[in-house]
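Listed here are the chains, written in short residue letters.
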Amino acid sequence: MSAIDNLPPLREVINTHELAARKSLGQNFLLDLNLTAKIARQAGDMADCDVLEIGPGPGGLTRGLLAEGARHVLAIEKDRRCLPALAEVAEHYPGRLTVIEGDALEIDPLSHLTPPIRVAANLPYNVGTELLVRWLTPPQWPPFWQSLTLMFQREVAERIVATPGSKAYGRLAVLAQWRSDARIVMQLPPGAFTPPPKVSSSVVHLTALPEPRYPADPAVLSRVVAMAFNQRRKMLRSALKGAALDIEDRLHAAGLKPTDRAEQVPLEGFCALAREIAKG
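Here the structure is a predicted model, which means the values were calculated and not measured. (Residues numbered from 1 in each chain as written. Predicted model: local features only at pLDDT ≥ 70, side-chain atom pairs only at ≥ 80, totals over all residues. Heavy atoms only, no water.)

1. What about the overall build of the chain?
Working step 1: In terms of helices and strands, the chain carries 11 helices and nine strands.
Working step 2: Against the 2.2 N^0.38 benchmark of 19 Å for 280 residues, the chain shows a C-alpha radius of gyration of 20 Å, consistent with a compact globule.
Working step 3: Projected onto the principal axes, the alpha-carbon positions of the chain cover approximately 65 × 35 × 30 Å.
Working step 4: The buried share of the chain, reckoned over its 280 residues, is 52%.
Working step 5: A sequence separation of at least 24 residues applies to 70% of the contacts in the chain between residues at least 6 apart.
Working step 6: Put simply, the chain shows about 12,800 Å² of open surface, and 50% of that area lies on carbon and sulfur atoms.
Working step 7: Positive and negative charge centroids in the chain, built from 32 and 30 side chains respectively, lie 8 Å apart. (Helix = DSSP H or I, 4+ residues; strand = E, 2+ residues; numbered from the N terminus. Rg over C-alpha atoms; globule rule 2.2 N^0.38 Å. Buried < 20%, exposed > 50% of the residue type's maximum accessible area, 1.4 Å probe, protein only. Contact = heavy atoms within 4.5 Å. Areas by Shrake-Rupley, 256 points an atom, 1.4 Å probe, with all protein chains shown as cover. Lys, Arg positive; Asp, Glu negative; His and termini not counted. Charge placed at Lys NZ, Arg CZ, Asp CG, Glu CD.)

Structural data, given as structure tokens:
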């Protein structure tokens, strides 16, 4: 039996249900239940929260979340091979785990969740960034979630917390730091996973701010930073020439220089530019 509950160890679960990780689904399983419980604790006190988990796989983090006291966990899993293992976890924690089979990019989880809501997930590598951007850029703020506790490849995590002027600074840093406080809270080596990925991983904790740090339309800001960092070595007037016909005037109005490059522009500058472009 495992150290955190009376269910079988994860390696035994994987062997019993023949759950070899699939590269096509971006799967890398964490088998150390003490480690998954430690990750779960990074999400904070969950006793009065519902928790959304994406890609639970055989249920390692799911068990950590439940053992650490989550009121209710909604797990969305695309791989139906994992459903019997997750059903065993649900039976062990009656009424506290709901599992939905499907693609997290296509499912609206809110009808299954009761606020306050936290998100905690060892995100499949092939959908992690897209899900994060969606959670950071809803039209209305505050969002449905209080916090996000997410595992990424270390390179992606560093991009989320990067500062202007660094090589990692880009679209993810701007969008994450615009509306949340983001910090790396754990580092995990490749050997912690089965199969071991080629790179190290990091857990990032993002706490939603009551209001964005600076006013801006999320759709416009997303488009501006995507264009700016898509050609980050170009000057802003070149990288953003499709954003507005009079882009140099808009840059000046936002307090930016047309000759600046994207990695030089702080969050406040991008928000100011988004407001200028939104004027039409």
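2. Some points on helix α3 (residues 60-67)
Working step 1: Most of α3 is tucked away: seven of the eight residues are buried.
Working step 2: What α3 keeps buried is the set G60, L61, T62, R63, G64, L65 and L66.

3. Observations concerning the packing of helix α5 (residues 128-136) against helix α7 (residues 171-179)
Working step 1: Close contact between α5 and α7 brings their axes to 10 Å; oriented N to C, the two are set at 35 degrees. As for the relative orientation of α5 and α7, their crossing is left-handed in sense. Of the residues in α7, those in contact with T129, L132, V133 and L136 of α5 are R171, L172, L175, A176 and R179.
Working step 2: Per-class residue counts for the contact of α5 with α7 are six nonpolar, one polar and two charged. (Axes fitted to C-alpha atoms, helices over the stretch in contact; angles between N-to-C directions. Left-handed = near helix turned anticlockwise from the far one by under 90°. Nonpolar A, V, L, I, M, F, W, Y, C, P; charged D, E, K, R; others polar.)

4. What to know about unusual backbone geometry
Working step 1: Cis geometry marks the peptide bond from P115 to P116, where omega comes out at -5 degrees.
Working step 2: Mapped onto the elements, P116 comes out in the loop between β4 (97-101) and β5 (117-122).
Working step 3: P195 follows T194 through a cis peptide bond whose omega is -10 degrees.
Working step 4: Although it is not a glycine, E18 adopts a positive phi angle of roughly 55 degrees.
Working step 5: Tracing the chain through its elements places E18 in the loop between α1 (10-17) and β1 (29-30).
Working step 6: The exposure class assigned to E18 is exposed, which follows from its relative accessible area of 65%.

5. A look at the packing of aromatic side chains
Working step 1: This structure, assessed with the given rule, holds three aromatic pairs.
Working step 2: Measuring from ring centre to ring centre gives 5.7 Å for Y169 and F229, while their planes differ by 85 degrees; the resulting arrangement is edge-to-face. Here the residue Y169 occupies a position in the loop between α6 (154-160) and α7, and F229 occupies one in helix α8 (residues 218-230), the gap between them amounting to 60 residues.
Working step 3: Looking at Y169, the relative accessible area reads 2%, which means it is buried.
Working step 4: Plain terms: the ring middles of F229 and F270 are 5.4 Å apart, the flat faces sit at 45 degrees to each other, and that makes the pair tilted. Note that F229 is positioned in helix α8 and F270 in helix α11 (residues 267-278), a separation of 41 residues in sequence. (Phe/Tyr/Trp six-rings, centres within 6.5 Å; stacked < 30°, edge-to-face > 60°.)

6. Digging into the sheet that holds strand β2 (residues 50-54)
Working step 1: Taken together, seven strands build an open sheet; the order of strands is β4-β3-β2-β5-β6-β9-β7 and the sheet is mixed. Whereas interior strands pair on both sides, the edge strands pair on one side only; in this sheet they are β4 and β7 (180-188). Adjacent strand axes in the sheet meet at a mean angle of 20 degrees when their direction is disregarded.
Working step 2: In this structure, β2 lies alongside β5, joined through three bridges in parallel fashion. Residue pairing across strands places L52 opposite V119, the latter belonging to β5.
Working step 3: Here α5 sits on the sheet and contacts β2, β5, β6 (147-153), β7 and β9 (201-208); the angle it forms with β6, its principal contact strand, is near 155 degrees. (Pairing = 2+ DSSP bridges.)

7. Observations regarding the environment of N230
Working step 1: By the element assignment, N230 lies in helix α8.
Working step 2: Taking the C-alpha atoms as reference points, N230 and R171, 59 residues apart in sequence, are found 9.0 Å from one another.

8. Things to note about the nonpolar core
Working step 1: Core analysis: the largest hydrophobic core is formed by 59 residues, its most contacted members being W135, L150, L221 and F270.
Working step 2: A total of seven residues in this core trace back to one element, the largest contributor, which is α11.
Working step 3: In contact with L150, other than residues within four places in its own chain, are V119, A121, L123, L132, W135, S202, V203, V204 and L206. (Core = buried A, V, L, I, M, F, W, Y, C linked by side-chain atoms within 4.5 Å.)

Remember that the coordinates give geometry; whether it matters functionally is a separate question.
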